[in-house]
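One letter stands for each residue in the lines below.
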Amino acid sequence: MESKYTLGMIGLGTMGRNLLLNMADNGFAVTGYDKDPNMIQKLKEDGAKHNLNAYESLEDFIQSLELPRRIMLLVPAGPIVDSVIKELEPLLDKGDIIIDSGNSHFTDTSRRAIELSDKGIHFFGMGISGGEEGARFGPSIMPGGDKTAYGAMKEILEAVSAKVNGDPCVTYIGPGASGHFVKMVHNGIEYAMMQLMAEAYDLMRTALGYSNEQIFSVFEEWNNGRLQSFLMEVTRDIFAFKDEVTGGFLIDMIKDEAKSKGTGKWTTQVSVDLQLPIPTINEAVTTRDLSKYKTLRVNLSKTYPEEKVTVENKEAFIVELEQAMYFSVITSYAQGLHLLWQASASYEYDLNLHEIAQIWRGGCIIRAAFLEDIYQAYKKQPDLEHLYADAGIASKMKEILPGMRNVVIEATKIGLAIPAFASALTYFDSLRTEKLPANLIQAQRDFFGAHKFERTDAEGVFHAIWNPVKA
Ligand code: 6PG
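Quick caveat: nothing in here was measured; it's all calculated off a predicted structure.

(A) Region of the structure containing the pairing of strand β1 (residues 7-10). The two faces of β1 match: Leu 7 and Met 9 on one face and Gly 8 and Ile 10 on the other face are all buried. With four bridges connecting them, β1 and strand β2 (residues 30-33) associate as parallel partners. By the bridge assignment, Ile 10 is partnered in β2 with Tyr 33. Where β1 lies against strand β4 (residues 70-73), three bridges are found, and the strand directions are parallel. Following the sheet pairing, Met 9 is matched in β4 by Met 72.

This is the structure in structure tokens:
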């Protein structure tokens, strides 16, 4: 059989199909394979104008691909990826490239890359963000793996990715599982931004007594300013959407129990392993979990009833809420990027943070006007340890800090939970503190466990014979 296709996709669900259509739109000869004949039929229907075809036999599919073969997987993360690789292995040649484009855990990607490299096959872990729309018309793409093999994928990925000022929203991320790692952290930031918007909504409806129409207008105003982002746009539109059943707003009919698929939890888990704090992201993960305890919450709301009071000066508060949102959004990105900075060293990913900010400017779920500032900050200072340390960011933070504090104060006074906002402020206050009370923790550890401590005036480790004070 004549080898004619540049790339083959395994998994023709919505994401895989849309990405193939995107490639075909860009003039690439591509094909697909799926175990489910219905998916093949759907690709043929949707791709009729491109003459897009798919194979029912894996052998024929493999034989139809140009060498080195580029085989992209868009199948559910987990054991299915391993079983697809197992089926593929005997059919492949040295130098072929498998690209896993699902949300796989980066440790699985590391293992797979090592196992396949022993057989001369390149394995890429590639994060794709932007949902179904993104896959069809331009996502942000985060590929990690062997740098020379990336050369065989560059052209097609650059063509299908989103573009910002003409720059493609894809770049070679780094070796090993770095692509999946970066996508995981992207999702952690996504969780934090979503939680902040949910808390702002709660403050508006509860502390200010705003209607859905008023909340829509606030999100619209924010989206027209420095807080412009894809998630802000989506959130605004939710507040205009009517429920077909009741005629009211759909948002009021949705259960307040949030679900998740795991990438946020993984980000939190890794940050704890690396001892690199990302508390606002953690709070977003935890608060989704807390929301699931509905019966407990309902019961406790009766045990601890509190009269809901509204904020007095609503006009001033809404101005401060915008500042608190901006402060906390900066903080969420700062935490995610700090985690990438640490992972780059710990896992030898050699990440280029300005390029990561650059490819997040378009196509992905966390795309936002503010990413331009982040991109510029890291471009200017590639070794920047933390976004807070950039002079431009620092002057913005100082200006909005009083507003941030006041939002936390007001919410606390009226007993409204704002875990993400509060953690952003406390994180900031901890990081800007020269002298933390951690000396007491060290003294306590040494007192009861002889764990030793370091002194401020001498090198080395010390132990004291602590004297319990007799009462
Ligand atoms: C993206 C999204 C995508 C997905 C999330 C949802 O970048 O396109 O992040 O990957 O929407 O995984 O995650 P949860 O179900 O955990 O909210």
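(B) The site of the ligand, seen in detail. Residues in close proximity to the ligand total 14 residues, the closest being Ser 129, Glu 190, Tyr 191, Lys 261 and Arg 288. Within the side chain of Ser 129, an N or O atom sits 2.5 Å from an oxygen atom of the ligand. Within the complex, the protein chains bury 79% of what would otherwise be the 420 Å² of accessible surface of the ligand. A per-element tally of the shell around the ligand places helix α9 (residues 178-207) first, with five residues. A breakdown of the residues in the shell around the ligand according to their chemical character gives two nonpolar, eight polar and four charged. Composition of the shell around the ligand by domain shows at least three residues from each of domain 1 (7-176) and domain 2 (183-431).

(C) Region of interest: the environment of Val 311. Within the secondary structure, Val 311 is located in the loop between α14 (294-303) and α15 (314-346). It is 37 Å that separates the C-alpha atoms of Val 311 and Gln 269, two residues lying 42 residues apart in sequence. Dropping the residues within four chain positions of it, Val 311 is found in contact with Ala 207, Leu 208, Phe 317 and Glu 410.

(D) Representation of the packing of α9 against helix α12 (residues 263-273) within the structure. Their axes nearest at 8 Å, the elements α9 and α12 cross at an angle of 105°. Taken together, α9 and α12 sit at an angle that is classed as roughly perpendicular. In this structure, α9 uses Phe 181, Met 184, Val 185, Asn 187, Gly 188 and Tyr 191 to contact α12, whose residues at the interface are Thr 263, Gly 264, Trp 266, Thr 267 and Val 270. Classifying every residue of the contact of α9 with α12 gives six nonpolar, five polar and no charged.

(E) Main features of empty space enclosed by the protein. All chains considered together, the criterion is met by one cavity of 30 Å³ or more. In this structure, the largest cavity occupies an estimated 40 Å³ of space. Lining the largest cavity are Met 193, Met 197, Arg 226, Leu 227, Gln 228, Ser 229, Met 232, Val 329, Ala 368 and Phe 370. The residue makeup of the lining of the largest cavity, split by class, is seven nonpolar, two polar and one charged.

(F) Fine view of the layout of surface pockets. In this model, the second largest pocket occupies a volume close to 340 Å³. Of all elements in the fold, only α20 (438-449) and β10 (453-454) reach the threshold of two or more residues within the lining of the second largest pocket. No other element matches the three residues that α20 contributes to the lining of the second largest pocket. Among the residues forming the lining of the second largest pocket, the class breakdown is three nonpolar, three polar and five charged.

(G) Representation of the side chain of Ser 104 in the model. As for its position among the elements, Ser 104 is in the loop between β5 (97-100) and α5 (106-117). Within polar-contact distance, the side chain of Ser 104 engages the side chain of Asp 100 at 2.5 Å. Each residue touching Ser 104, except ones within four places of it in the same chain, is listed here: Ala 77, Val 81, Thr 109, Arg 112, His 180 and Trp 266.

(H) Molecular detail of the domain arrangement of the protein. The assigned domain composition of the protein is domain 1 (7-176), domain 2 (183-431) and domain 3 (439-471). On a C-alpha basis, the centres of domain 2 and domain 3 stand 39 Å from each other.

(I) Structural context of a nonpolar patch on the surface. On the surface, Tyr 293, Leu 296, Leu 300 and Tyr 304 cluster together to form a nonpolar patch covering roughly 480 Å² of accessible area. With respect to the helices and strands, the residue Tyr 304 is situated in the loop between α14 and α15.

(J) Fine view of the packing of aromatic side chains. Scanning the entire structure with this criterion turns up 19 aromatic pairs. Where Tyr 33 meets Phe 61, the ring centres are 5.8 Å apart and the plane angle is 35°; that geometry is what we call tilted. Of the two residues, Tyr 33 sits in strand β2 while Phe 61 sits in helix α3 (residues 58-63), which places them 28 residues apart along the sequence. A single burial state applies to Tyr 33 and to Phe 61, both of which are buried. An aromatic cluster of at least three residues, connected via ring pairs, comprises Phe 106, Phe 181, Tyr 347 and Tyr 349.

(K) Representation of helix α13 (residues 279-291). Given a rise of 1.5 Å per residue, 13 residues ought to cover 18 Å, and the 18 Å separating the end C-alpha atoms of α13 matches this to within 8%. Within the sequence span of α13, burial applies to Thr 280, Ile 281, Asn 282, Ala 284, Val 285, Thr 287, Arg 288 and Ser 291. At its buried positions, α13 is contacted by α9, α12, α14, α15 and α19 (419-431).

(L) Region of the structure containing the environment of Gly 102. Among the secondary structure elements, Gly 102 is positioned in the loop between β5 and α5. Note: C-alpha distance between Gly 102 and Asn 223 (121 residues apart in sequence) is 30 Å.

(M) Structural detail: the sheet that holds strand β7 (residues 140-144). Taking strand neighbours across the sheet as the criterion, the seven strands line up as β3-β2-β1-β4-β5-β6-β7 in an open arrangement whose pairing is mixed. Edge positions in the open sheet fall to β3 (54-55) and β7, since each of these has one partner strand only. Relative to β3, β2 runs parallel, the two being bridged by two bridges. In the strand pairing of β3, Gly 32 is matched with Ala 54. Docked against the sheet, helix α4 (residues 79-88) engages β1, β4, β5 and β6 (122-129), running at close to 155° with respect to β4.

Definitions and cut-offs
Residues numbered from 1 in each chain as written. Predicted model: local features only at pLDDT ≥ 70, side-chain atom pairs only at ≥ 80, totals over all residues. Heavy atoms only, no water. Buried < 20%, exposed > 50% of the residue type's maximum accessible area, 1.4 Å probe, protein only. Helix = DSSP H or I, 4+ residues; strand = E, 2+ residues; numbered from the N terminus. Pairing = 2+ DSSP bridges. Near = heavy atom within 4 Å. Polar contact = N/O pair within 3.5 Å; in protein donor to acceptor, adjacent residues only side chain to side chain. Areas by Shrake-Rupley, 256 points an atom, 1.4 Å probe, with all protein chains shown as cover. Nonpolar A, V, L, I, M, F, W, Y, C, P; charged D, E, K, R; others polar. Domains from an automatic or database assignment. Contact = heavy atoms within 4.5 Å. Axes fitted to C-alpha atoms, helices over the stretch in contact; angles between N-to-C directions. Parallel < 35°, antiparallel > 145°, perpendicular 65-115°, else oblique. 1 Å grid on protein atoms, 1.4 Å probe; cavity = no way out; pocket = protein on both sides within 12 Å on 5 of 7 lines; lining within 4 Å. Points joined across faces, edges and corners; volume = space filled by probe spheres on them. Patch = residues over 30% accessible without salt bridge, like charges linked within 9 Å, V, L, I, M, F, W, Y side chains within 5 Å. Salt bridge = Lys/Arg side-chain N within 4 Å of Asp/Glu carboxyl O. Phe/Tyr/Trp six-rings, centres within 6.5 Å; stacked < 30°, edge-to-face > 60°. Expected span 1.5 Å × (residues − 1).

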